Amino acid sequence: MKNDQNPPSLEAIRLNRRRFLGYAGATVGASALLIAGCKKDDDDDNNNGTPIDPNAVNLGSGDIGVLNYAYALEQLEAAFYTQVVANFGASDLSAAERSLLNDIQKHEVAHRDLFKGALGSNAIKDLEVNFTSIDFTKRASVLGTAKAFEDLGVSAYNGAGKLLVSSDYLLLAGKIVSVEARHAAAIRHLLNPFSADFAGTDVIDGNGLDLARTPSQVLAIAKTYVKTPINASNLPTS
């Protein structure tokens, strides 16, 4: 892996972004604001203080590392929704729910492919996932996991915004997190229709700001579903 090479060019980002827009359409054109979010203690590292597996996938450093971090999360989400769609025939989801989840799956695949194309030879390998705890035939299991993944994704992008140096990458991340937030609100509505849960107090603070998590916090949660060990120790911290 060549994480120390130069970051992908803006031209490459734009090329892959056009492909993404073909899926995401008008939903991409929302706010580009990322909230810096959680305070990080000086002695906190990006692997939560645990020893680094020598066989772990190294995300890299600088903007490349942050992009690979986002790519890892998009791999997880794309894999989840792809399996959701593949199990439609056996699930108890309604037709309307299947239609919505099918659209979300296309968005997440587009996000994943966008990062993979932009990173080029700097991209980490395909991650191996573990969904044994999810019952893809049951609505409650599918939607509950979707809610957790979407909320986690939003908080991850919000927390990673301050780590990016390139304003172009920050703008791109802002456009993706706005789509992730739309997904989160839609899933929350399916679980608790016509309620305030679409922007619940468990994810929105008293200032009306979304939750933000550091990479170490996010990866500690995500590792339940990712079998491939990840080394985030070289990511920027501020």
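Below, the structure is looked at part by part. Note that the structure is predicted; figures quoted are calculated from it, not measured.

So, the side chain of Ser155
Phase 1: With respect to the helices and strands, the residue Ser155 is situated in helix α4 (residues 139-160).
Phase 2: Of note is the side chain of Ser155, whose polar atom sits 2.9 Å from the side chain of Arg213.
Phase 3: When residues no more than four places from it in sequence are discounted, the contact partners of Ser155 are Leu211, Ala212 and Arg213.

Focus: helix α3 (residues 95-119)
Phase 1: Here α3 is 25 residues long and its end C-alpha atoms lie 36 Å apart, about the 36 Å a rise of 1.5 Å per residue gives.
Phase 2: Directly beyond the C-terminal end of α3, a positive phi value near 60° is found at Gly120.

Focus: the nonpolar core
Phase 1: In this structure, Tyr69, Phe80 and Leu101 are the most contacted members of the largest nonpolar core, which totals 53 residues.
Phase 2: Where this core is concerned, the elements lending two or more residues are α2 (62-86), α3, α4, α5 (167-191) and α6 (215-222).
Phase 3: Looking at this core, the element that brings in the most residues is α2, giving twelve residues.
Phase 4: Excluding residues that lie within four positions of it along the chain, Tyr69 makes contacts with Leu59, Ala156, Ala160, Thr214, Pro215, Val218, Leu219 and Leu235.

Some remarks on the packing of α2 against α4
Each pair of packed helices can be described by the angle between their axes along with the distance between the axes.
Phase 1: At a closest axis distance of 11 Å, the pairing of α2 and α4 adopts a crossing angle of 165°. The pairing of α2 with α4 is recorded here as roughly antiparallel in orientation. Crossing geometry of α2 relative to α4 is assigned as left-handed. For the pair α2 and α4, contact is made by Val66, Tyr69, Ala70, Leu73, Glu74, Leu76, Glu77, Phe80, Tyr81 and Val84 and by Val142, Thr145, Ala146, Phe149, Glu150, Ala156, Tyr157 and Ala160, respectively.

Concerning the packing of aromatic side chains
The relation between two aromatic rings is expressed through the spacing of the ring centres and the mutual angle of the planes.
Phase 1: This structure, assessed with the given rule, holds seven aromatic pairs.
Phase 2: The interplanar angle of 70° and the centroid separation of 4.9 Å between the aromatic rings of Phe80 and Tyr81 together place this pair among those described as edge-to-face.
Phase 3: The exposure class of Tyr81 is buried, given its relative accessible area of 0%.
Phase 4: Seen in terms of ring centroids, Phe80 and Phe136 are 5.8 Å apart; in terms of plane orientation they differ by 40°. Their pairing is tilted. Taken together, the residues Phe80 in helix α2 and Phe136 in the loop between α3 and α4 connect sequence positions 56 residues apart. The pair Phe80 / Phe136 is uniform in exposure class, with both members buried.
Phase 5: Three or more aromatic residues joined by ring pairs make a cluster, and in this case those are Phe80, Tyr81, Phe131, Phe136, Phe149 and Tyr225.

Topic: the environment of Phe115
Phase 1: Along the chain, the position of Phe115 falls in helix α3.
Phase 2: Owing to a relative accessible area of 4%, Phe115 belongs among the buried residues under this scheme.
Phase 3: A sequence separation of 46 residues divides Phe115 from Tyr69, and the C-alpha atoms of the two residues are 9.9 Å apart.
Phase 4: Those residues within four positions of Phe115 in sequence are excluded, and the remaining contacts are Leu67, Ala70, Tyr71, Glu74, Tyr157 and Ile176.

Observations regarding the side chain of Gln105
Phase 1: As for its placement among the helices and strands, Gln105 is situated in helix α3.
Phase 2: When its relative accessible area of 15% is taken as the criterion, Gln105 is described as buried.
Phase 3: At 3.0 Å, the side chain of Gln105 and the side chain of Thr82 are in polar contact.
Phase 4: In contact with Gln105, other than residues within four places in its own chain, are Tyr81, Thr82 and Val85.

The rules we used
Every chain's residues receive numbers from 1 upward, in the order its sequence appears when written. Local features are withheld for residues below a pLDDT of 70 in this predicted model, meaning they are given only at 70 or higher, and side-chain atom pairs are given and counted only at 80 or more; totals for whole chains, interfaces and linings count all residues. Here the side-chain values reflect all heavy atoms present in the structure, with hydrogen atoms and water set aside. Every helix listed is a DSSP run of H or I at least four residues long, and every strand listed is a run of E at least two residues long, numbered separately from the N terminus. Polar contacts, as used here, are pairs of N or O atoms within 3.5 Å; protein pairs need one atom able to donate a hydrogen and one able to accept it. Residues neighboring in sequence count only if both atoms are side-chain atoms. Two residues form a contact once any of their heavy atoms are found within 4.5 Å. Multiplying one less than the number of residues by 1.5 Å gives the expected span of a helix. Residues belong to one nonpolar core when they are buried, are Ala, Val, Leu, Ile, Met, Phe, Trp, Tyr or Cys, and are joined through side-chain atoms within 4.5 Å. We call a residue buried when its accessible area falls under 20% of the maximum for its residue type, exposed when it is over 50%, and partly exposed in between, using a 1.4 Å probe and counting protein chains only. Here an axis means a line fitted to C-alpha atoms, over the contact stretch when the element is a helix, while the angle between two N-to-C directions is reported on a 0 to 180 degree scale. The cut-offs work like this: below 35 degrees is roughly parallel, past 145 is roughly antiparallel, 65 to 115 is roughly perpendicular, and the gaps in between are oblique. For any helix crossing, the convention is left-handed if the near helix is rotated counterclockwise from the far helix by under a right angle, and right-handed if that rotation is clockwise. Only Phe, Tyr and Trp rings are paired, with Trp represented by its six-membered ring, and only when their centres lie within 6.5 Å; those with planes under 30 degrees apart are stacked, over 60 edge-to-face, the remainder tilted.

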